[in-house]
Amino acid sequence: MSDVQDESVLRLVGLRKSYGVGTPVETEVLHGIDLTLGRRDFAALVGPSGSGKSTLLNLIGLLDRPTSGELYLLGRPTRDLDDAARTALRASAIGFVFQFHHLIEGFTALENVLMPLMLARGRPDAATVAWARELLESVGLGGFADRRPGELSGGQQQRVAVARALVTRPALLLADEPTGNLDTRSAQGVFELFRRFNAELGCAVLLVTHDPRLAEACDRTISLVDGRIVSDSPNRRLVSPRSP
Ligand SMILES: Nc1ncnc2c1ncn2[C@@H]1O[C@H](COP(=O)(O)OP(=O)(O)OP(=O)(O)O)[C@@H](O)[C@H]1O
Ligand SMILES: [Mg+2]
């Protein structure tokens, strides 16, 4: 057995996905995706509506299974993992931010942020609660820990969702149009959070966006058209990013 450490956070090899397998409407929507993300990558995934971006993100997030091909997460092949192992790997390695925040209404902002850890480990200890508070602080919501989602603006709710996605210190943050539902200023704020956590926590980021300016602000742009990657290249910068 090889002991070589895989330096990628994610590696896709010949990944295919069909919907409606075994029915008359079986359709392949991803036609053999090869892609590698490094441990600190900050990449945009762009492409026309229906090109397969969300399908791909759901595969990477282990929310759905490919029809064929292999997906390595942190160097581990995932094809033969059972559902329990996939859930455990997802919970420990991946943070997910969706277009709509999916916060739980009956719980406070702090409880929502703690939720992924409580699901994995049960009642949080003091250090865990302190970390969740620190995350809320760092998304600018230190004073809102006890508010329920209904008492927060859309942008604030999305920032809670970002804190929740990061509470497990994931190696990979996946975001499917996380700012699609926000005004420009809130969108910028959420994007800057991703930038900061990429730099400070060292999590790789893969961000689906329809906003060309956000895509350009990433380090790399991956373009999907009709279920195939048609380009994947570093973004040229006119102004170099501020050093940390
Ligand atoms: N559950 C499903 N069953 C059948 N077909 C599906 C399903 N989900 C998506 N599709 C189809 O797969 C293709 C890719 O869809 P997907 O949602 O991945 O596109 P997308 O790039 O995320 O689009 P958008 O930018 O509009 O969000 C589309 O043709 C879509 O109709
Ligand atoms: Mg989509």
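Heads up: the structure comes first, above all this text.
Residues numbered from 1 in each chain as written. Chains lettered and ligands numbered in written order. Predicted model: local features only at pLDDT ≥ 70, side-chain atom pairs only at ≥ 80, totals over all residues. Heavy atoms only, no water.

Turning our attention to the overall build of the protein chain. When helices and strands are counted, the protein chain shows 7 helices and 10 strands. For 244 residues, the compact-globule formula gives about 18 Å, and the C-alpha radius of gyration of the protein chain, at 18 Å, lands near that figure. Expressed along its principal axes, the backbone C-alpha trace of the protein chain runs to roughly 50 × 45 × 45 Å. The 244 residues of the protein chain split such that 44% are buried. Pairs at least 24 residues apart make up 68% of the contacts formed inside the protein chain by residues separated by at least 6 positions. (Helix = DSSP H or I, 4+ residues; strand = E, 2+ residues; numbered from the N terminus. Rg over C-alpha atoms; globule rule 2.2 N^0.38 Å. Buried < 20%, exposed > 50% of the residue type's maximum accessible area, 1.4 Å probe, protein only. Contact = heavy atoms within 4.5 Å.)

With that settled, consider the environment of Asp64. Within the fold, Asp64 resides in the loop between helix H1 (53-60) and strand S4 (68-73). Asp64 sits 107 residues away from Ala171 along the chain, and the two C-alpha atoms are 19 Å apart.

For the rest of this paragraph, the subject is the nonpolar core. Among soluble globular proteins, nonpolar side chains are generally buried collectively. Counting 40 residues, the largest nonpolar core has Leu136, Val160, Leu173 and Phe194 as the members making the most contacts within it. Elements that contribute at least two residues to this core include exactly strand S3 (42-46), helix H3 (109-121), helix H4 (126-138), helix H5 (154-166), strand S7 (172-176), helix H6 (184-200), strand S8 (204-208) and helix H7 (212-217). Those residues in contact with Leu173, other than ones at most four positions away along the chain, are Gly95, Phe96, Val97, Ala165, Leu166, Phe194, Cys203, Ala204, Val205 and Leu206. Residues Leu35, Leu62, Leu71 and Ile222 belong to the second largest nonpolar core, which totals 29 residues. (Core = buried A, V, L, I, M, F, W, Y, C linked by side-chain atoms within 4.5 Å.)

It is worth spelling out the pairing of S8 at this point. Counted residue by residue, S8 has 5 buried out of 5 residues, so it is predominantly covered. As paired strands, S3 and S8 are joined by 4 bridges and run parallel to one another. Each bridged residue has a counterpart across the sheet, and for Ala43 the counterpart in S8 is Leu206. Bridging between S7 and S8 involves 5 bridges; their strand directions are parallel. In the strand pairing of S8, Ala175 is matched with Leu207. Handedness of the β-α-β unit built from S7, H6 and S8 comes out right-handed. (Pairing = 2+ DSSP bridges. Right-handed = clockwise from strand over helix to strand, strands pointing away.)

A word on the packing of H3 against H5. Where H3 meets H5, the closest approach of the two axes is 7 Å, and the angle between their N-to-C directions is 30°. Relative to H5, the element H3 lies roughly parallel. For the crossing formed where H3 meets H5, the hand is right-handed. Contact with H3, carried on its side by Ala109, Asn112, Val113 and Pro116, involves Val160, Ala163 and Arg164 of H5 and no other residues of that element. (Axes fitted to C-alpha atoms, helices over the stretch in contact; angles between N-to-C directions. Parallel < 35°, antiparallel > 145°, perpendicular 65-115°, else oblique. Left-handed = near helix turned anticlockwise from the far one by under 90°.)

Surrounding ligand 1, one finds Tyr19, Val29, Pro48, Ser49, Gly50, Ser51, Gly52, Lys53, Ser54, Thr55 and His210. Within the side chain of Ser49, an N or O atom sits 2.5 Å from an oxygen atom of ligand 1. The side chain of Thr55 places a nitrogen or oxygen atom 2.6 Å from an oxygen atom of ligand 1. In terms of residue count, H1 provides more of the shell around ligand 1 than any other element does, 3 residues in total. Split into classes, the residues belonging to the shell around ligand 1 amount to 3 nonpolar, 7 polar and 1 charged. (Near = heavy atom within 4 Å. Polar contact = N/O pair within 3.5 Å; in protein donor to acceptor, adjacent residues only side chain to side chain. Nonpolar A, V, L, I, M, F, W, Y, C, P; charged D, E, K, R; others polar.)

Glancing now at the sheet that holds strand S1 (residues 8-19). The strand order S2-S1-S4-S5 describes an open sheet built from 4 strands, whose pairing is antiparallel. With partners counted over all chains shown, the strands left at the sheet margins are strand S2 (27-38) and strand S5 (76-77), one partner each. The sheet contact formed by S1 and S4 spans 5 bridges and is antiparallel. Bridging from a neighbouring strand, Arg16 pairs with Ser68 of S4. Across the sheet, H1 lies against S1, S2 and S4, angled at about 125° from S1, the strand it touches most.

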